[in-house]
Amino acid sequence: MAANLPPCGGDVRQDRGGQRRALSFCILIGLATAPSPALAACPIELSTYGDVEDAASINFRPTGDNATVTNTFRLIIGEVVLDGIVMWSDGVGRPNGILSYKCPIGDVTGPELEACTAWQGVIYTSDGSGNIGLLPAEGEDAPQKLILSDLTHALRFSAVREVAGIEKLPWDVFALNGCQE
């Protein structure tokens, strides 16, 4: 059974917004899938991230003129703020992150540092295609995702969790969600 349509391929009913709706839909899809220009050009030292569990956020900060620390950041879990630094290892270079909570300043012993350290590990990155890399130094563009290897496990068994009163643990993966001005 053939359709009863005019030979030109349409009738008046199809002209009542069908093309406009299709165009609007295509524009909407294009905007949803396009990368945000503000986030694409954000330098790592101004970037902000959130974890997929919505339990924590990471805010990077400029490090300044420190020869050993390449990145500085804060991990915020509810009302608890953990201070983070990144130092690259010698030999096989890796960005080793350290998160601490209210560490003493000055002449500190190994046990004192251990008691206030919540996590240590390599920070990996991922781009929009799933390619894995290493955390860039300041001045470079912020990656789409951060992977703080074994963060959840370390926090679960850390003495800092009990001292700080951390209840909801973040996941190891954080997605870029902003750029500080």
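Colleague: Before we move on, can you summarise the overall build of the protein chain with the specific residues and values?
Modeller: Helix and strand content of the protein chain: five helices and nine strands. By residue count, 33% of the 181 residues in the protein chain fall in the buried class. Here the analysis covers contacts within the protein chain between residues at least 6 apart in sequence; of these, 50% occur between residues at least 24 apart. Counting every atom, the protein chain has about 11,400 Å² of accessible surface; 55% of that belongs to carbon and sulfur.

Colleague: Describe in detail the packing of aromatic side chains, supporting the description with residues and values.
Modeller: What characterises a pair of aromatic rings is the spacing of the ring centres plus the angle enclosed by the ring planes. Counting across every chain of the model gives two aromatic pairs. Summarising the aromatic geometry, the rings of Tyr49 and Phe60 are spaced 6.1 Å apart at their centres and angled 70° between planes, so their arrangement reads as edge-to-face. Of the two residues, Tyr49 is situated in strand 1 (residues 47-51) and Phe60 in strand 2 (residues 56-61); the sequence distance between them amounts to 11 residues. The pair Tyr49 / Phe60 is uniform in exposure class, with both members buried. A network of ring pairs unites the aromatic residues Tyr49, Phe60 and Phe73 as a single cluster.

Reading guide: rules and limits
- Residues numbered from 1 in each chain as written.
- Predicted model: local features only at pLDDT ≥ 70, side-chain atom pairs only at ≥ 80, totals over all residues.
- Heavy atoms only, no water.
- Helix = DSSP H or I, 4+ residues; strand = E, 2+ residues; numbered from the N terminus.
- Buried < 20%, exposed > 50% of the residue type's maximum accessible area, 1.4 Å probe, protein only.
- Contact = heavy atoms within 4.5 Å.
- Areas by Shrake-Rupley, 256 points an atom, 1.4 Å probe, with all protein chains shown as cover.
- Phe/Tyr/Trp six-rings, centres within 6.5 Å; stacked < 30°, edge-to-face > 60°.

Honestly, it's all geometry; don't read function into it.
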